[in-house]
Amino acid sequence: MWFSLRLVFFVLEWPALAKSSKHNSFKADDAMQMYYMALAMDLDMPSTVKPLPGPEVQADAPGRSLPNFTTLTSPQRKTLNDLSDRNRFMDTVKAIAIPRASGTPGNLKVQQHIVRSMENLCYDVELDTFEADLPGNLTSQQMTNIIATLNPDAPRRLVLACHFDSKYDKKGAFVGAIDSAVPCAMMIDLAHTLNPYINCTPVRNKNLTLQMIFFDGEEAFVKWSANDSLYGSRNLAVKMDTQMKDLNRNVTELDKIDVMVLLDLIGSKETQFRRFYYSAKYHFEHLANIEKELTVSNDIKEWDNQTKAGVDMEEKEVIKEKVYFDTTPLPAGLWIDDDYRPFMEKGVKVLHLISYPFPAVWHKQSDTVANIHYDTVDDLNKIFRIYVCEYLGCQI
């Protein structure tokens, strides 16, 4: 079972998929699957190891260490929770939620907004501009990835990423609020709210910094395939692996990435994340634990009391038991193609946070700001603030 354009399910047990040319370029053998699972299980893997079978892929090879989260106190977490500002966040979303297919004036306008926002927060911003060959009779298109790094001199990065382009349609009317203006706004809002704690004051580990990547060209122009999708992430992964090198340390920009957290399809009331076999297990479970603790302390999921004041207590408990981060494992081999893949194929540990099942408005004209459920997004913003601060070791 698979959906065209965006969703690619790959289940090793389904021989029919192996016969489809659409899937052949994505097909992984058992050794490659085990490699990705090793990355996801937070085994210590060198970023230079490619996903190929062989004895050289060893869990004890020198590379990244296991994640070492600090633990914020309840007052510190409350400080972060109180940083939410609905008007500020929605203004950020509205500045991005315009038709912005790659190569259009709307895309350039959003680029400029993101660059200006990140530079105002003292991030070092680099543009990765390139020409992308489009399928069929379409002419090549200039695209631009945006890389914003808080401290470019730090040897390690926690990377948050999303795509900022919207789906291409001939009418030029598709907005793509959930896909993916909201993730872009979440990243900018996180940079804004945490700025006093990770920029103006010291963090526990000065060798670790926050990097945000906004990909262009994630969407297909004709039909989702290996060559018609992920234009920005495919280009940047190669560039960071070859051209962008720290000669003083003899490492590439990919070597500096602890983990890439990719956000996608976020903003509906039904937003929920599942851990795919290739996603970093320890990081996903830490997010799930933060959610549990904030739920117990009544710091999230209280929007039901405001929007459904008349419902009985039993129904409210059902809402309360809803989880954003479902730790129930999905079958190995089940995956969704997205901007993480070019990086994962080069050995980067990834955490793929995409709402699954897909929201009802996915790739529809109804994917507008009007269908964003702000309270769900605010809950997630609170969780991500704590996650980032506990990973970076912020002084709150």
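Look up: the structure comes first, before these words.
So, here is what we can say about the structure in this document. Fair warning: this is a prediction, and the values are worked out from it, not measured in the lab.

## Here we look at the overall build of the protein chain
Part 1: Helix and strand counts for the protein chain come out as 13 helices and 10 strands.
Part 2: Burial statistics for the protein chain: of 396 residues in total, 59% are counted as buried.
Part 3: By sequence separation, contacts in the protein chain at least 24 residues apart represent 76% of the contacts at least 6 residues apart.
Part 4: Accessible surface, the protein chain: about 16,600 Å² in total, of which carbon and sulfur atoms supply 52%.

## Topic: the pattern of salt bridges
Part 1: Counted under the stated rule, the structure contains 16 salt bridges.
Part 2: Between Lys301 and Glu291 there is a salt bridge, and its shortest N-O distance comes to 2.7 Å. Of this pair, Lys301 sits in the loop between helix 9 (281-296) and helix 10 (303-307) while Glu291 sits in helix 9; the two residues are 10 residues apart in sequence, bridging distant segments of the chain. Both residues of the pair, Lys301 and Glu291, count as buried.
Part 3: Salt bridges sharing partners connect three or more residues here, namely Arg77, Glu293 and Glu390.

## Digging into the sheet that holds strand 1 (residues 124-132)
Part 1: The strand order across the open sheet built from six strands is 1-2-4-3-7-10, with neighbouring strands paired in mixed fashion. The sheet is open, and its two edges are formed by strand 1 and strand 10 (350-354), each paired on a single side. Each strand of the sheet is rotated relative to its neighbour by a mean of 20 degrees, with strand direction disregarded.
Part 2: Bridge count for strand 7 (residues 257-264) against strand 10 is five bridges, and the pairing is parallel. Residue pairing for strand 10: Asp264 is matched across the bridge by Ile354.
Part 3: Across the sheet, helix 6 (residues 105-120) lies against strand 1, strand 2 (141-149) and strand 4 (208-215), angled at about 15 degrees from strand 2, the strand it touches most.

## Let's talk about the packing of helix 5 (residues 86-96) against helix 13 (residues 374-392)
Part 1: Contact geometry for helix 5 and helix 13: axes closest at 12 Å, N-to-C directions at 105 degrees. Put simply, helix 5 runs roughly perpendicular to helix 13. Counting all contacts with helix 5, which are made through Arg86, Phe89 and Met90, the residues of helix 13 involved are Tyr374, Asp375, Val377 and Asn381.
Part 2: Of the residues that constitute the contact of helix 5 with helix 13, the class distribution is four nonpolar, one polar and two charged.

## Side note on the nonpolar core
Part 1: Membership of the largest hydrophobic core comes to 69 residues, with the highest contact counts inside it found for Met118, Tyr123, Leu210, Met212, Phe214, Phe325 and Leu353.
Part 2: Tallying contributions element by element places helix 7 (residues 177-198) first for this core, with 13 residues.
Part 3: Excluding anything up to four places from it in sequence, Met212 contacts Met118, Tyr123, Ile146, Ile147, Ala148, Leu160, Met187, Leu190 and Ala191.
Part 4: The next biggest cluster of nonpolar side chains, apart from the first, holds 29 residues, and it includes Ile213, Phe215, Met260 and Tyr340.

## Things to note about the packing of aromatic side chains
Part 1: The final tally for this structure, using the stated rule, is 15 aromatic pairs.
Part 2: Note on Tyr278 and Tyr340: the rings are 4.7 Å apart at their centroids and 10 degrees apart in plane angle, and the pair reads as stacked. Of the two residues, Tyr278 is situated in the loop between strand 8 (273-274) and helix 9 and Tyr340 in the loop between strand 9 (325-326) and helix 12 (341-344); the sequence distance between them amounts to 62 residues. Each of the two residues, Tyr278 as well as Tyr340, counts as buried.
Part 3: Look at Phe325 and Phe384: their rings are 6.2 Å apart centre to centre, the planes differ by 85 degrees, and that puts the pair in the edge-to-face class. Placement of the pair is Phe325 in strand 9 and Phe384 in helix 13, with a sequence separation of 59 residues. Of the two residues, Phe325 and Phe384, neither departs from the other in class, the shared state being buried.
Part 4: Here the aromatic cluster, defined as three or more aromatic residues joined through ring pairs, consists of Phe276, Tyr277, Tyr278, Tyr340 and Tyr356.

## Thoughts on the packing of helix 5 against helix 7
Part 1: Look at helix 5 against helix 7: their axes get within 9 Å of each other, and the N-to-C directions meet at 135 degrees. With respect to helix 7, the axis of helix 5 lies oblique. Here the hand of the crossing between helix 5 and helix 7 comes out right-handed. Along its contact with helix 5, which presents Arg88, Phe89, Thr92, Val93 and Ile96, the element helix 7 presents Ala181, Val182, Cys184, Ala185, Met186, Ile188, Asp189, His192 and Thr193.
Part 2: Class assignment for the residues of the contact of helix 5 with helix 7 results in nine nonpolar, three polar and two charged.

## Some words on the side chain of His163
Part 1: The topology assignment puts His163 in strand 3 (residues 156-163).
Part 2: At 3.0 Å, the side chain of His163 forms a polar contact with the side chain of Asp165.
Part 3: Looking at His163, its side chain comes within polar contact range of the side chain of Asp179, at 3.0 Å.

## Brief notes about a nonpolar patch on the surface
Part 1: A contiguous nonpolar surface patch, about 240 Å² in accessible area, is contributed by Leu138, Tyr168 and Val222.
Part 2: Tracing the chain through its elements places Val222 in the loop between strand 4 and helix 8 (231-242).

Definitions and limits used
Residues numbered from 1 in each chain as written. Predicted model: local features only at pLDDT ≥ 70, side-chain atom pairs only at ≥ 80, totals over all residues. Heavy atoms only, no water. Helix = DSSP H or I, 4+ residues; strand = E, 2+ residues; numbered from the N terminus. Buried < 20%, exposed > 50% of the residue type's maximum accessible area, 1.4 Å probe, protein only. Contact = heavy atoms within 4.5 Å. Areas by Shrake-Rupley, 256 points an atom, 1.4 Å probe, with all protein chains shown as cover. Salt bridge = Lys/Arg side-chain N within 4 Å of Asp/Glu carboxyl O. Pairing = 2+ DSSP bridges. Axes fitted to C-alpha atoms, helices over the stretch in contact; angles between N-to-C directions. Parallel < 35°, antiparallel > 145°, perpendicular 65-115°, else oblique. Nonpolar A, V, L, I, M, F, W, Y, C, P; charged D, E, K, R; others polar. Core = buried A, V, L, I, M, F, W, Y, C linked by side-chain atoms within 4.5 Å. Phe/Tyr/Trp six-rings, centres within 6.5 Å; stacked < 30°, edge-to-face > 60°. Left-handed = near helix turned anticlockwise from the far one by under 90°. Polar contact = N/O pair within 3.5 Å; in protein donor to acceptor, adjacent residues only side chain to side chain. Patch = residues over 30% accessible without salt bridge, like charges linked within 9 Å, V, L, I, M, F, W, Y side chains within 5 Å.

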